[in-house]
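The residues making up each chain are set out below.
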Amino acid sequence: MKGFAKIALSVALIAVIVLSIVVASVAWFTSNPEVDANDVTLDAARTLNVAFDPSVEGTTFAYNGEIGNVASGKDAPYVYEAGGFSLNITSLSSDSHFGKVKVEFGTVEIDYPTGAIANVLITDLFHVTANVYEQKSDGGFVKDGTDHHFRAYNAETDDGLTRYKLSFSNLTVADDGVLMQTVNETTSTALFVEGRYELAFTYVFLPDTEYTTKWLAGNYAAIEGYELSAGGDYIGVVSYTTYKAKYHYGLQRYTKSAEADGNGDYTYTANAEGGYVRVVTSYVQKDLVTKYTNASGAGEGAANGSYIKVGDSNEYVTYSRYEKVNGFPYSDDHYRGEKFTFTVGCSVEEVNNEA
């Protein structure tokens, strides 16, 4: 255990709805969280601004600094389920048409007592899955006094409450943001028939690839995360990379020139519909990254230069250094009281599933 950092979860927009979280009492506030899919129009998106905020009073939700590098016990990965969106899917064109749900996550801002860190990819921090509950008169779940936490239906105490069926569990998010289900080791798009649904997210406090490729395989010692550190041995390499709705939502997008210039560099131009974004794409040992003394690319190879080249462009930016840690990054004591904020978008599209 690296320390005790209480984190309460709040989402604040115009109208306020109080939710709760599994094994915790947490404030989750949202305005208009319903994705109204009447006529299943494209881009019927709704957005939540999310904050894991330790400053919210009156809650018992606590992240205790779990590193996440063991199978069980006090340092096993911290996990919780939280709401979410309401989905009302109606007016599908035919019985062979379904609703396809897309969720998009923005980058994370981390505020801690002595500083702030911007534009961290959500997949560098959390493995995210989703559960979906459909309103059904004979369903086995009810809302536990709030909007997006569900518990088993009790016939003796829950008469008159809206009941729900767990329609999809442990859905994953594809790179394009579409919710995917895995049945008998086959992964496909989760398809929604007409109905009213509640969507709740589950967050595991480990980088996404580390959780799926190492933690699930029991290779705990190999789990890696990178956290910002002035004296870190790694440099965050900045590049233009293909836009992925799963974790690039809200970032400036760019188009790439068809051809390179005489130096082999491409030009990237800001465009709201562009297929590229500029982010930290990898973490490389500091001595293996070519550095430059200024933003024009002069001083190539300068050991103490302050700039690095941005991928295959002709741009140069100052770089940041990172430390590699085993387990969840930003769990160290000096981050105690940290606040994570990010955006989640949701939309529904009608698709034809005819053979």
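Residues numbered from 1 in each chain as written. Predicted model: local features only at pLDDT ≥ 70, side-chain atom pairs only at ≥ 80, totals over all residues. Heavy atoms only, no water.

## So, the overall build of the protein
Logical step 1: Along the protein, the regular secondary structure elements total two helices and 24 strands.
Logical step 2: For the protein, contacts bridging at least 24 residues in sequence account for 73% of all contacts bridging at least 6.
Logical step 3: When the accessible surface of the protein is totalled, it reaches about 16,400 Å², and 45% of it is carbon and sulfur. (Helix = DSSP H or I, 4+ residues; strand = E, 2+ residues; numbered from the N terminus. Contact = heavy atoms within 4.5 Å. Areas by Shrake-Rupley, 256 points an atom, 1.4 Å probe, with all protein chains shown as cover.)

## Notes on the confidence of the model for the protein
Logical step 1: Overall, the prediction assigns the protein a mean pLDDT of 82, with 83% of residues at 70 or greater.
Logical step 2: Confidence over residues 1-33 falls short of pLDDT 50; this stretch has 129 contacts with residues more than four positions distant or in other chains.
Logical step 3: The model gives residues 35-44 a pLDDT under 50, and that stretch makes 31 contacts with residues more than four places away or in other chains. (pLDDT = per-residue confidence, 0-100.)

## Notes on helix α1 (residues 208-215)
Logical step 1: When α1 is considered as a whole, its buried residues turn out to be D208, E210, Y211, K214 and W215.
Logical step 2: Among the structural elements, β8 (127-135), β15 (195-204) and α2 (245-248) are those in contact with the buried residues of α1. (Buried < 20%, exposed > 50% of the residue type's maximum accessible area, 1.4 Å probe, protein only.)

## Comments concerning the side chain of D265
Logical step 1: Mapped onto the elements of the fold, D265 is located in the loop between β18 (253-256) and β19 (268-270).
Logical step 2: Look at D265 and you get buried, because its relative accessible area is 11%.
Logical step 3: Polar side-chain contacts of D265 include one of 3.0 Å to the side chain of K309.
Logical step 4: For D265, the contacting residues outside a window of four places in its chain are A260, K309, D312, S313 and N314. (Polar contact = N/O pair within 3.5 Å; in protein donor to acceptor, adjacent residues only side chain to side chain.)

## Brief notes about the pairing of strand β23 (residues 321-325)
The side chains of a regular strand alternate, residue by residue, between the two faces of the sheet.
Logical step 1: Bridge count between strand β16 (residues 225-228) and β23: four bridges; the pairing is antiparallel. In the strand pairing of β23, E227 is matched with E323.
Logical step 2: As paired strands, strand β17 (residues 234-242) and β23 are joined by two bridges and run antiparallel to one another. Its bridge partner lying in β23, Y234 is registered against Y322. (Pairing = 2+ DSSP bridges.)

## Some points on unusual backbone geometry
Logical step 1: Of note, N119 is a non-glycine position whose phi angle comes to about 60 degrees, a positive value.
Logical step 2: Note on placement: N119 falls in strand β7 (residues 115-120).
Logical step 3: A relative accessible area of 52% places N119 in the exposed class.
Logical step 4: Its identity as a non-glycine residue notwithstanding, E185 has a phi of 70 degrees, on the positive side.
Logical step 5: Inspection of the secondary structure puts E185 in the loop between β12 (179-183) and β13 (186-189).
Logical step 6: On the accessibility criterion, E185 (79% relative accessible area) is exposed.

## Notes on the pattern of salt bridges
Logical step 1: Using the criterion set out here, one finds twelve salt bridges in the structure.
Logical step 2: In this structure, R278 and E315 form a salt bridge, with 2.7 Å as the shortest nitrogen-oxygen distance. Here the residue R278 occupies a position in strand β20 (residues 276-285), and E315 occupies one in the loop between β21 (307-309) and β22 (316-318), the gap between them amounting to 37 residues. (Salt bridge = Lys/Arg side-chain N within 4 Å of Asp/Glu carboxyl O.)

## Quick word on the layout of surface pockets
Logical step 1: Put simply, the largest pocket is a space of about 530 Å³.
Logical step 2: Residue lining of the largest pocket: 23 residues in total, with A118, N119, V238, V279 and V280 positioned closest to the centre.
Logical step 3: Those elements that place two or more of their residues in the lining of the largest pocket are β7, β16, β17, β20 and β22.
Logical step 4: Of the residues that constitute the lining of the largest pocket, the class distribution is 16 nonpolar, five polar and two charged.
Logical step 5: For the second largest pocket, the calculated volume is near 410 Å³.
Logical step 6: Of all the secondary-structure elements, those providing two or more residues to the lining of the second largest pocket are α1, β16, α2 and β20.
Logical step 7: At five residues, the largest contribution of residues to the lining of the second largest pocket is made by β20.
Logical step 8: Looking at the lining of the second largest pocket residue by residue, the classes come out as seven nonpolar, seven polar and five charged. (1 Å grid on protein atoms, 1.4 Å probe; cavity = no way out; pocket = protein on both sides within 12 Å on 5 of 7 lines; lining within 4 Å. Points joined across faces, edges and corners; volume = space filled by probe spheres on them. Nonpolar A, V, L, I, M, F, W, Y, C, P; charged D, E, K, R; others polar.)

## Considering the sheet that holds β20
Logical step 1: Spatially, six strands are ordered β16-β23-β17-β20-β18-β19 in an open sheet, and the strand pairing comes out antiparallel. The two strands at the open ends of the sheet, each matched to only one other strand, are β16 and β19. Taking the axes of each pair of neighbouring strands and ignoring which way they run, one obtains an average angle of 55 degrees across the sheet.
Logical step 2: Relative to β20, β18 runs antiparallel, the two being bridged by two bridges. Pairing of R253 across the sheet is with V277, part of β20. (Axes fitted to C-alpha atoms, helices over the stretch in contact; angles between N-to-C directions.)

## What about the packing of aromatic side chains?
Logical step 1: Tallied over the entire structure, the rule returns 27 aromatic pairs.
Logical step 2: An aromatic cluster is defined as three or more aromatic residues linked by ring pairs; in this entry it consists of Y78, F85, F105, F126, F201, Y203, F205, F328, F340 and F342.
Logical step 3: Lying over the aromatic face of Y153, R163 brings its terminal NZ or CZ to 3.7 Å of the ring centre.
Logical step 4: Positioned over the ring face of Y266 is K256, at 4.3 Å from the centre of the ring. (Phe/Tyr/Trp six-rings, centres within 6.5 Å; stacked < 30°, edge-to-face > 60°. Lys NZ or Arg CZ within 6 Å of the ring centre and 35° of its normal.)

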